[in-house]
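What the coordinates show
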Amino acid sequence: MPRSSTFEAVLDASLFTPTQLQTVSVARLAFQAGTRWLRDHVCSHRVLVREHRVGFVLWSWQLEYDRPLQFLDADEALVDVRARVRGPRSSQLEVEMTLTGPAGVAVRSRAASVPLRLSGDEALSGAPAPLPDTVLAAFRDDEVERTPHLSPVRSLWAGLRRDGEKLAEGTVPVRVHRHQCEVADQWFWAETLGFAGGAREELVLRHGGEAPLLRRALADGIRRVDVTWLRAGQLWDLLQVRTTAYRHGEDLVFVHEIAPDGEAAGEPYAIVVERA
């Protein structure tokens, strides 16, 4: 079994909505957990970048809410994280996190990143490349898997367009500001969940009257999130979030396409699928 790192996360009111942990809060905890695992078992993120010229770009992430966890339930939650290298050429890093409260595991997340060989500039630009042997040697045999991680987002989206009942759609503009970026002045991936969440709330506010089912996403919260990132937004980019809500069986599903503002077609920067 892959090695784990565990730590207590102190829970404060800013991490929660009235119904659950915020998706952005979970994403930030997951990023911190993965960084901690690398520090404990491989090397720190700083050393990876500075000495090994290795970076990571996240391209797939899943979040599942298992059991209720609200602000008044606990002072701390136990974070457990494991990681492994995946793909036939060690071309992915997969990190799995659980967050456990008094009732058991409340949240699960899984992230898949692509390693980059960094060029050495301040923008931390790079090209996809397998992990170098000097880094790969720190992973145990049971932390290396040859089958790749596969994102479900494209198939989920295709199934919704084929079989789902469209309830509402809308577009909201967003701009990437510096407080939403990381050290390389490109968006921090967790912030895109906030872009999607804001667009969902706007859709509910605008169309919740004629489509009352939409209100469930505010009253009950989100059950699962699946995301794929296709390219990164940069500092001060003006973007739009195109949101479509579907009824699919018993599920209420929101699909958010985050794309350059003004582009009617073309590949989005990210696709976020939220299920309520």
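Here is a short report on the structure shown in this document. (Residues numbered from 1 in each chain as written. Predicted model: local features only at pLDDT ≥ 70, side-chain atom pairs only at ≥ 80, totals over all residues. Heavy atoms only, no water.)

Our focus in this paragraph is the side chain of Glu 94. On the secondary structure map, Glu 94 appears in strand β4 (residues 92–101). Residue classification places Glu 94 among the buried positions, given a relative accessible area of 1%. Polar contacts involving the side chain of Glu 94 include one to the side chain of His 149, which spans 3.0 Å. For Glu 94, the contacting residues outside a window of four places in its chain are Arg 82, Ala 83, Arg 84, Arg 86, Arg 110, Ala 111, Ala 112 and His 149. (Helix = DSSP H or I, 4+ residues; strand = E, 2+ residues; numbered from the N terminus. Buried < 20%, exposed > 50% of the residue type's maximum accessible area, 1.4 Å probe, protein only. Polar contact = N/O pair within 3.5 Å; in protein donor to acceptor, adjacent residues only side chain to side chain. Contact = heavy atoms within 4.5 Å.)

Unusually for a residue other than glycine, Ser 90 sits at a positive phi of about 55 degrees. One can find Ser 90 in the loop between β3 (76–86) and β4. A positive phi angle, close to 70 degrees, is found at Trp 236, a residue other than glycine. With respect to the helices and strands, the residue Trp 236 is situated in the loop between β9 (224–229) and β10 (238–248). Given the relative accessible area of 51%, Trp 236 is considered exposed.

Where helix α4 (residues 153–163) is concerned, the buried positions are Val 153, Trp 157, Gly 159 and Leu 160. The arc enclosing the buried residues of α4, seen along the axis, measures out at 160 degrees, which places them on a common side. Exposed side chains of α4 directed beyond 90 degrees from the buried face belong to Ser 155 and Arg 162. On its buried side, α4 packs onto β9, β10, β11 (251–260) and β12 (270–275). (Arc of directions from axis to C-beta.)

Don't take any of this as a statement about function, it's just geometry.
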